[in-house]
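Listed below are the residues making up each chain.
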Amino acid sequence: MSLQGKRVLLVVSGSVAAYKALELARLLGKAGATVTGLLTAGGARFVTPHALQAITGRSLAEDLWSLRQEAERGHIRLARETDLVVVAPASADRLARMAAGMADDLAGAVLLAWDGPVLVAPAMNPTMWAHPATGANVATLMARGVHFIGPEDGPMAEAESGTGRLSEPPAILAAIEAVLSDPDHGAPDSALEDALDAAIAAQAEEGEGRPFAAHRAPRRAEGGSSFTDGVPHAADHRADPVETTPSTFSASQAIGAEVAPHSVHGTAPGALPLNGRHVLVTSGPTHEPLDPVRYIANRSSGKQGHAIAAALAALGARVTLVSGPVTIADPVGVTVKHVETAREMLAACEAALPADAAVFAAAVADWRPAEVAGQKMKKPADDAAPPLALVPNPDILATLSRHPRRPGLVVGFAAETERVVEHARAKLARKGCDWIVANDVSGDVMGGAENLVHLVTASAVEDWPRLPKAEVAARLADRIAETLRA
Ligand code: C5P
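Thresholds applied
Residues numbered from 1 in each chain as written. Predicted model: local features only at pLDDT ≥ 70, side-chain atom pairs only at ≥ 80, totals over all residues. Heavy atoms only, no water. Helix = DSSP H or I, 4+ residues; strand = E, 2+ residues; numbered from the N terminus. Buried < 20%, exposed > 50% of the residue type's maximum accessible area, 1.4 Å probe, protein only. Expected span 1.5 Å × (residues − 1). UniProt positions renumbered as here; feature names shortened; annotations may be inferred. Contact = heavy atoms within 4.5 Å.

A.B. asks: An account of unusual backbone geometry is needed here, citing residue identities and associated values.
C.D. replies: With an omega of -5°, the peptide bond running from Ala88 to Pro89 counts as cis. On the secondary structure map, Pro89 appears in strand E3 (residues 84–90). Residues Leu353 and Pro354 are joined by a peptide bond in cis, for which omega reads 5°. Note on placement: Pro354 falls in the loop between helix H13 (342–352) and strand E15 (357–360). Phi is positive for Asp383, which is not a glycine, with a value near 65°. Along the chain, the position of Asp383 falls in the loop between strand E16 (367–369) and strand E17 (390–392). A relative accessible area of 63% places Asp383 in the exposed class. Not every positive phi belongs to a glycine, and Arg419 is a case in point at roughly 40°. Counting through the fold element by element, Arg419 comes out in the loop between strand E18 (409–416) and helix H15 (420–431).

A.B. asks: Residue-level account of helix H12 (residues 303–314), with values.
C.D. replies: Helix length check: H12, at 12 residues, gives a terminal C-alpha distance of 16 Å against a target of 16 Å (1.5 Å per residue), a fit within 8%. In terms of burial, H12 is a largely internal element, 11 of the 12 residues being buried. Those residues of H12 that sit buried are Gln304, Gly305, His306, Ala307, Ile308, Ala309, Ala310, Ala311, Leu312, Ala313 and Ala314. Of the residues trailing H12, Gly316 is marked for its positive phi of about 95°.

A.B. asks: An account of the UniProt feature "binding site: CTP" (unreviewed entry) in the protein chain is requested, with residue identities and associated values reported.
C.D. replies: Taking the UniProt record as the reference, the feature "binding site: CTP" (unreviewed entry) is found at Asp366, Lys376, Pro394, Asp395, Ile396, Leu397, Phe413, Lys427 and Lys431. Take Asp366: it is sitting in the loop between E15 and E16. If we ignore the near neighbours within four places in the chain, the residues touching Asp366 are Val391, Pro392 and Asn393. Here Leu397 shows up in helix H14 (residues 396–401). Residue Leu397 is classed as buried on the basis of its relative accessible area of 7%.

This is how it looks when you write it as C-alpha cells:
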C-alpha cells in the first residue's frame, strides 16, 4: 500500500531499540508518508535529534513550551500534518505514562488529548514486559482502542532473550498501513490541533495550580464517526458513556468494519467486556520439514483464526496469537508468535499460559516426517520415490484441554465434510475441550471469505448461517465474552 499523502507523527521514547525508529522513518518516507519526529527526553538519549530530522527531512516536534512560543504556528502545522500517531519504540515507562494519562512532556500531552488513531510498538526487557504492571497498562490502552504491534521474541540487548524486542520496522510499517487503510481510523483534520491547544492550555493553567484533567479539549463524538449496517462503531459510544458498558458493547459492533474499534477515549478503562482477559488463539497451518526445502502441511489461509484474534482484541482482550506460516498480515493489536512446526506451536501455546480462554483454529499437521534430512534430499538414480516415514505430532488442543494450567474455556475447531455435528460431538469428548466450532468444509470455504459453522457445546448445538469469517469471529468473541462474564 502506498502511504502517499499520509502524515505520521513518530514518537520515539527511551529504548536501546530507538535506532530502529530511524529505519522506520526511512521506510515510511519511502512509502510516501510525511513523517514528523518527536523525541522524548529518553528517546533523545539513544538517537540524536539531528539523525531523526535528517531522515524525516523535517523539523522535529519539540517541547511544549517552544511550540507555544512559536505563537501557535508550530502546533497548527503539526496538526495539519498528522493522520496517525505512532509510538515506536514505546518503553515500559511510556506505556505507564500513557495509561495513567500523564501530560508532563509534549509526547504525553499530545497522546492524552489526541483522539485519532494511535499505534504503539513496545520494546523493553522481557521481565519488564511480563510484569503485571505493564500488562495492566497494555490492557488499559487496548481497551481505549490503542493498537499494538509486538513486542517480539528474540535476543535482547542485555544478552537475555525473551519477549520484549521491538518489532522489525517492515512489520511496524505493515501495521501502520493496516491502521491507515481502515476508513474508520481517519482522524478529524484538526484533532491534533485541538490536542495541542488543550495540552498547552492545560500546562499553562497547571502552573496556576489547576488540575490538567479539567481542561481536556472537547471531544468531537460526531467527528469521523459512522454507522455500518445501522450499528454504531465504538467511537460513537464516546458521546454516551452508558452505552459502553460490557452488556452493550459487542465484538459484532466493533467488527462492523472488520477491525478493532479505534479511539474510545472518554470510555472508562474496563468498559470493554474482555478487558483484563488474556486469550490464546492458534491460526494457520504448520509446516513439517522433510529437508531444508520441502515440508508437509495442511491447507490453511489463517483468515478465520486471525479474524478471531482481531475480534477478541476488539473486545479488549490481551490476545496472544500463535500463527503458523501464513501470507496474511498480523492482526493489529495482538501479540503474534510466529512458528513453523506443531511442536513449536505447542511450546508457544504453553509459554503463553495462563489464559482465560483459548481458541485453537490452526490446521495443525497430524504427522511429521520421522527424519528431517540436513541437506536437500537427492533423487535416487533409479528415480524411485524415497520412503516417507511419519510420526504423530502432539495434539495441541487435547494437550491444552488436559493441561495443569488449562485455560478456563477451551474452544476447538473441526473441519468436516460430512455428518458435521456428529463428528464434532465425538471430537469434543475426545479432545476434552468445552466447545467445538464445527466447520462445514464440504463447499468452497477453504481459503474463502465465508464460513458455515455450528457451535457445538456439551449440551447444545447452534447452527449459524453462512457468514463472512469476520462475522463468525465476532459472534464467537461475543459468546466467549458472555461465558467468561458468567
Ligand atoms: O483432530 P482434528 O485435526 O480434526 O482436530 C481439529 C482441532 O484440533 C482444531 O481445533 C485444531 O486446531 C486442533 N488440533 C491441534 N493439534 C493437532 C491437531 C489438531 O490443536 N495436532
